[in-house]
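Overview (structure and organization)
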Amino acid sequence: MADEQGFTPRSTDFSAWYNEVVLRAELADYSPVRGSMVIRPWGYGIWENMQRALDQMFKDTGHQNAYFPLLIPMSFLEREKEHVKGFAPEVAVVTHAGGKELEEPLVIRPTSETIIYAMFAKWVRSYRDLPLLINQWANVVRWEMRTRLFLRTAEFLWQEGHTAHVDEADAEAETIRMLGVYRTFMEGWMAMPPVLGRKSDSEKFAGALRTYACEAMMQDNKALQAGTSHNLGQNFARQFELKFQTAAGGEDFAWNTSWGVSTRLVGGLVMTHGDDGGVVVPPRLAPIQAVLVPIYRTDEERTLTVEKAHGLAGELKRAGVRVHVDDRDTLKPGAKYFEWERKGVPVRIEIGPRDVAKQSVMLVWRLELGGRPRKEPMLESVVVDSLPERLEQFQQALLDAAIARREANSYRGVTEYARLREIVEGAGGFVYAGWCGSPECEEKVKDDTKATIRCIPFEEFRSPEAPARCLVCGGEAKMEVIWARAY
Ligand SMILES: [Zn+2]
């Protein structure tokens, strides 16, 4: 742990920096149960804003929320062979309840495909009942061996979308559409630009036909799988008798999709924008966008500046800005500054007696961004009108910086295996290279370097020139892939 005010610098130990920031910005804390986490109000406030934005986007694309139970019969999980194989090692099981051993053990949901499609099977009769578009906000439990706050915890919060469709084309369109929704959210709200693509077979969801993912680059140049969307084919529908009468009068199994993002996104946000002073929360997600700090020495000055701060806060609130007046008497202004900087509030508004006399305030931005100075004196009369727009500019500048950083650490057209190792084992980054499609080549890179295929990128992310050879074996390249170490 570094000194009182500062954090271990990112450049010294990114992982130590991350843990310190999450704890000391009061985003989360360790719980008494190994691997689980307590989300504190500041972290939960960010998550609530994420939820709000995503929930609206799900509704705008025709989905409805519902809730399914936490406990799932063990036999349900076992029905889909690949699914149980993928999840069995990390499943928590309830064997006793009400003082008795249960006849059938109950699984605490690691994900809800099985219970949801069992219910869909009761509700769907005909093609007229499709598509069925459901989302649930819930907690899930996966007994992970190595945990990290937000990034990998035994219990986490997420949303899981589950849909049923008449045919493969409709299911595939939904899978891609929801991946696009995630992208819009990650770019627009988180200022975290992901690369989109398909997962290789070894990395796809247990039981899926195809998995697509949003892969974002963190500041240590490792990848974070930030969201996934799966075309489940008819695999689950077959096991749960999710059948429907087709328009032609026949009978067919439905096609399913599922897609999810979790509280892991909060960790992604920290690792995308945080700096050696703490977290930086993009304005659209910040529970507090502007904190007003009155500065005073005498009682008279206190009355003057606190009153002024509350007056301005009221006006800003009416202009749609989320504000907070920090008028605590128990802390010096400097200590307040550190606290709000650590927590990543986008802008601080300082109000001293001299400012009141001049009818102005001092804005201090959390970061110097987009060529603007951090400190910006502003007339009170201008603050209310200009702050919403300034916050949007700050949001945009964060995204621009994240895109620039990702591009600066992306390596295209890599053809030498030694070069891949050099990048991955050095500063890290996204390595674009050819792949023959063989699991052996994929496995070799993983064993040698701990890098994995993050995705087979969608066309817009691919290099202008398609690679000719597999980076590993030199055979003919069937596709371009992105290699990186990942969280
Ligand atoms: Zn190969």
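These figures come from a predicted structure and were not determined experimentally. (Residues numbered from 1 in each chain as written. Predicted model: local features only at pLDDT ≥ 70, side-chain atom pairs only at ≥ 80, totals over all residues. Heavy atoms only, no water.)

1. Some remarks on the overall build of the protein
The number of helices and strands found in the protein is 14 helices and 23 strands. Whereas a compact globule of 487 residues would reach a radius of gyration of roughly 23 Å, the protein reaches 25 Å, a difference of no more than 12%. With the principal axes as the frame, the protein shows a C-alpha extent of 80 × 60 × 50 Å. Residues classed as buried in the protein amount to 55% of the 487 residues present. Taking as baseline every contact in the protein between residues at least 6 positions apart, the subset at least 24 positions apart corresponds to 70%. Element-wise, carbon and sulfur atoms account for 50% of the exposed surface of the protein, whose accessible area totals about 21500 Å². Side-chain charges in the protein split into 61 positive and 69 negative, and the spacing between the mean points of these groups amounts to 1 Å. (Helix = DSSP H or I, 4+ residues; strand = E, 2+ residues; numbered from the N terminus. Rg over C-alpha atoms; globule rule 2.2 N^0.38 Å. Buried < 20%, exposed > 50% of the residue type's maximum accessible area, 1.4 Å probe, protein only. Contact = heavy atoms within 4.5 Å. Areas by Shrake-Rupley, 256 points an atom, 1.4 Å probe, with all protein chains shown as cover. Lys, Arg positive; Asp, Glu negative; His and termini not counted. Charge placed at Lys NZ, Arg CZ, Asp CG, Glu CD.)

2. Examining the nonpolar core
Judged by nonpolar contacts, the single largest core of 64 residues is most densely connected at Leu27, Met50, Phe185, Met186, Met190 and Leu265. Counting residues per element, this core draws most heavily on helix H2 (residues 41–60), which supplies eight residues. When residues no more than four places from it in sequence are discounted, the contact partners of leucine 265 are Met50, Phe185, Met186, Met190, Met192 and Ala226. Ranked by size, the runner-up nonpolar core spans 30 residues in total, among them Val107, Ala164, Ala208 and Phe240. (Core = buried A, V, L, I, M, F, W, Y, C linked by side-chain atoms within 4.5 Å.)

3. As for the pairing of strand E8 (residues 155–165)
Judged by how many residues are buried, E8 sits mostly within the fold: nine of eleven residues are covered. In this sheet, E8 lies alongside strand E7 (residues 132–141) in antiparallel orientation, the contact comprising ten bridges. Across the sheet, residue valine 140 finds its bridge partner in E8, namely phenylalanine 156. Here E8 pairs with strand E14 (residues 255–262) via eight bridges, running antiparallel. Residue pairing for E14: tryptophan 158 is matched across the bridge by serine 262. (Pairing = 2+ DSSP bridges.)

4. Digging into the domain arrangement of the protein
Taken as a whole, the protein is organised into domain 1 (14–273), domain 2 (288–399) and domain 3 (410–484). Between the C-alpha centres of domain 1 and domain 2 the distance comes to 39 Å. On the domain 2 side, the residues contacting the 13 residues of domain 1 number eight residues. Interface area, domain 1 with domain 2, both sides summed: about 930 Å², of which 58% is carbon and sulfur. (Domains from an automatic or database assignment. Buried area = accessible area lost by both parts, 1.4 Å probe.)

5. Structural notes on the packing of aromatic side chains
Under the definition given, this model contains 17 aromatic pairs. Seen in terms of ring centroids, phenylalanine 68 and tryptophan 123 are 6.1 Å apart; in terms of plane orientation they differ by 40°. Their pairing is tilted. Taken as a pair, phenylalanine 68 in the loop between strand E3 (64–65) and strand E4 (71–73) and tryptophan 123 in helix H5 (residues 113–123) lie far apart in primary sequence, 55 residues in all. By the ring-pair criterion, three or more aromatic residues cluster together here, those being Trp47, Phe58, Trp137, Tyr182 and Trp259. Over the aromatic face of phenylalanine 7 sits the side chain of arginine 24, whose NZ or CZ is 4.5 Å from the ring centroid. Here the guanidinium or amino end of arginine 412 rests over the ring plane of tyrosine 432, the centre of that ring lying 3.8 Å away. (Phe/Tyr/Trp six-rings, centres within 6.5 Å; stacked < 30°, edge-to-face > 60°. Lys NZ or Arg CZ within 6 Å of the ring centre and 35° of its normal.)

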